[in-house]
Amino acid sequence: MGKEIFKFEMDSRALRLDEFLRQSLPVKIQSLGGEYENAVCSNSKIRRLILAECVFVNGRAITRPAFELRGKSSVRVEFEPEKFFFEKQPDDIKFTLTDKDVLFENDDLIFVNKPPFFPVEQTITGNRANLHDAVVDYLWAKNPSLRNPPYVGIMHRLDRETSGVILFTKTRNANKKIHEMFENHDFTKKYYSVVENPAEKNAYSHIKKSSAAGECKFTQNISVGSTFTVENYLGRISGKSQKGKWGSVKKTDGLYAKTDFTVIKECTVEGHKCLLIECNLYTGRTHQIRVHLSESGLPILGDKLYGGTPAKRLYLHAAELTANDGSFSVKSEEEW
């Protein structure tokens, strides 16, 4: 099957482009019949379709998923279904959510300790095990009298190989407040990462990286107690057909990103002399910590996409999610 062109006419209501496609595109795809009859569209697939310049609004290519459709608009989608649906066979783990994996729960929210090598949400094929479905199954097992699956809302995401705290909503009424908290940066998000000790590699003892987006300087040796901040703009830097890779770009081409880093301790992981680094995010951009550390000469152990030494996993852990209003603080421990 070659390229397909789908056309939509948008009514006068305001709606994000990615949300409009999540609602409208599956119906068009399913109309192709055959193997696509029961297809579903994941958020990540929709996002990649937009970033690949396959979506046009009133004749203009739009590459921003959050682009807001207003008034009557014509939306055109051009893509090849076979490439769109292709899924590389992953090395996902088998995982069933149990009480020990629930970090905190109330009537509206559930915080889960996500394992590495397990995706957060469903993919386009509709048959891949994922954390969202695991949470639905867990809540349904607790309330077997429900006729339909309980509602579970996805508010944020972690990379498949990243472990740690992730939040889901249990009621639609909670979505607006949680969404606004993320949009307004009313959460404190703390991560821990493991990087190879540059002193052991005789490299990066003094680092200065300049770019059109900003500058990151280390004027001292990186050691226990060192602190530094990376502040720049991030955007996609890989080709359309390549695996998504982000990096520092000009202000006009990316989104503002800022991370504070503190070197906590020395450690040995998989035989490598490493440093454990605390990462505090002001923003939550795609691959933000991975890019900021890599471009500072400190790629995360196991992060092959950004220059890290191959390892059993990507050593990045979401350790804490705290509401700035004090309503909750949820932590997840990881021993490295």
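Residue numbers restart at each chain and count upward from 1, following the sequence in its written direction. Totals for whole chains, interfaces and linings use every residue, but because this is a predicted model, local features are given only for residues with pLDDT of at least 70 and side-chain atom pairs only at 80 or more, for both listing and counting. Here the side-chain values reflect all heavy atoms present in the structure, with hydrogen atoms and water set aside.

Asker: Which parts of the structure should I look at to understand the overall build of the chain?
Answerer: Elements are defined by DSSP. Helices are runs of H or I of four residues or more, strands are runs of E of two residues or more, and each kind is numbered from the N terminus. A tally of helices and strands in the chain yields 7 helices and 19 strands. When accessible area is computed with a 1.4 Å probe and restricted to protein chains, residues below 20% of their type maximum are described as buried, those above 50% as exposed, and intermediate ones as partly exposed. Per-residue burial for the chain yields a buried fraction of 49% across its 336 residues. Computed with a 1.4 Å probe, the accessible areas rest on the Shrake-Rupley method; for each residue, only the protein chains presented here act as cover. Here the chain has roughly 17600 Å² of accessible surface; of this, 46% comes from carbon and sulfur atoms.

Asker: Would you mind going over the side chain of Arg128 with me for this structure?
Answerer: With respect to the helices and strands, the residue Arg128 is situated in the loop between strand 8 (109-114) and helix 4 (131-142). At 2.6 Å, the side chain of Arg128 forms a polar contact with the side chain of Asp92. For the purposes of these results, a polar contact is taken to be a pair of N or O atoms within 3.5 Å, where, inside protein, one atom must be able to donate a hydrogen and its partner to accept one; residues adjacent in sequence count only when each atom of the pair is a side-chain atom.

Asker: Help me understand the pattern of salt bridges in this model?
Answerer: Once the charged atoms of two side chains with opposite charge are near each other, the side chains can pair. Basic side-chain nitrogens of Lys or Arg form a salt bridge, by our definition, when they fall within 4 Å of a carboxyl oxygen of Asp or Glu. According to the stated counting rule, one finds 17 salt bridges in the structure shown. Across the pair Arg70 and Glu68 runs a salt bridge, and its minimum N-O distance is 2.4 Å. Residue classification places Glu68 among the partly exposed residues on the basis of a relative accessible area of 35%. Across the pair Arg157 and Glu121 runs a salt bridge, and its minimum N-O distance is 3.1 Å. Of this pair, Arg157 sits in the loop between strand 9 (153-154) and strand 10 (163-169) while Glu121 sits in the loop between strand 8 and helix 4, and the two are 36 residues apart along the sequence. Looking at Arg157, the relative accessible area reads 41%, which means it is partly exposed. One network of salt bridges, with partners in common, ties together Asp91, Asp92, Arg128 and Arg160.

Asker: I tried to follow the sheet that holds strand 4 (residues 60-61) on my own but got confused; where do I start?
Answerer: Within a sheet, each strand pairs with its neighbour through backbone hydrogen bonds, oriented either parallel or antiparallel. Strand order in the open sheet formed by 4 strands is 1-6-3-4, and the pairing between neighbours is antiparallel. Every other strand in the sheet has two partners, leaving strand 1 (4-10) and strand 4 as the edge strands with one partner each. Pairing of strand 3 (residues 55-57) with strand 6 (residues 73-79) involves 3 bridges; the strand directions are antiparallel. What sits directly across from Val55, in strand 6, is Val77. Packed onto the sheet, helix 1 (residues 17-30) meets strand 1, strand 3 and strand 6 and runs at close to 125 degrees relative to strand 1. Here, strands pair whenever DSSP counts at least two bridges between them. Contacts: residue pairs with any heavy atoms within 4.5 Å of one another. A fitted line through C-alpha atoms serves as each axis, taken over the contacting stretch for helices, and the angle formed by two N-to-C directions is quoted from 0 to 180°.

Asker: Help me out: how do you make sense of the packing of helix 1 against helix 2 (residues 43-51) in this one?
Answerer: The geometry of helix 1 relative to helix 2 is characterised by a closest axis approach of 10 Å and an angle of 115 degrees between their N-to-C directions. Remark: the crossing between helix 1 and helix 2 carries right-handed chirality. Contacts between helix 1 and helix 2 involve Leu17, Asp18, Leu21, Arg22 and Leu25 from the former and Asn43, Ile46, Leu49 and Ile50 from the latter. Looking at the contact of helix 1 with helix 2 residue by residue, the class counts come to 6 nonpolar, 1 polar and 2 charged. By convention the crossing between two helices is left-handed if the near helix lies anticlockwise of the far one by an angle smaller than a right angle, and right-handed if it lies clockwise. Classes in brief: Ala, Val, Leu, Ile, Met, Phe, Trp, Tyr, Cys and Pro nonpolar; Asp, Glu, Lys and Arg charged; the others, Gly included, polar.

Asker: I'm lost on the environment of Trp336 in this one. Help?
Answerer: Looking at the secondary structure, you find Trp336 in the segment after strand 19 (329-331). Residue classification places Trp336 among the buried residues on the basis of a relative accessible area of 18%. Note: C-alpha distance between Trp336 and Tyr192 (144 residues apart in sequence) is 9.7 Å. Not counting residues up to four positions away in its chain, the partners in contact with Trp336 are Tyr192, Ser193, Val194, Lys265, Cys267, Leu276, Arg313, Tyr315, Leu316 and His317.

Asker: How should I be thinking about the packing of aromatic side chains in this particular structure?
Answerer: Two aromatic rings are characterised by how far apart their centres lie and by the angle between their planes. Here a pair means two rings of Phe, Tyr or Trp (six-membered ring of Trp) with centres within 6.5 Å. Their orientation is stacked below 30 degrees between planes, edge-to-face above 60, and tilted elsewhere. Applying the stated criterion across every chain yields a total of 8 aromatic pairs. Considering the side-chain rings of Phe187 and Phe328, the 5.8 Å spacing of their centres and the 40 degrees angle between planes classify their relative orientation as tilted. Highlighted residues: Phe187 in strand 11 (residues 187-196) and Phe328 in the loop between strand 18 (316-323) and strand 19, separated in sequence by 141 residues. According to the relative accessible area criterion, Phe328 is buried, its value standing at 10%. Ring-pair connections join several aromatic residues into one group, and the members of that group are Phe104, Phe111, Phe182, Phe187 and Phe328. The ring of Phe56 carries Arg76 above its face, with NZ or CZ at 4.3 Å from the centroid. A cation over an aromatic ring shows up here: Lys258 above the ring of Tyr282, its NZ or CZ 4.3 Å from the ring centre. Placement of a charge over a ring requires the Lys NZ or Arg CZ to be within 6 Å of the ring centre, with the centre-to-atom vector within 35 degrees of the ring normal.

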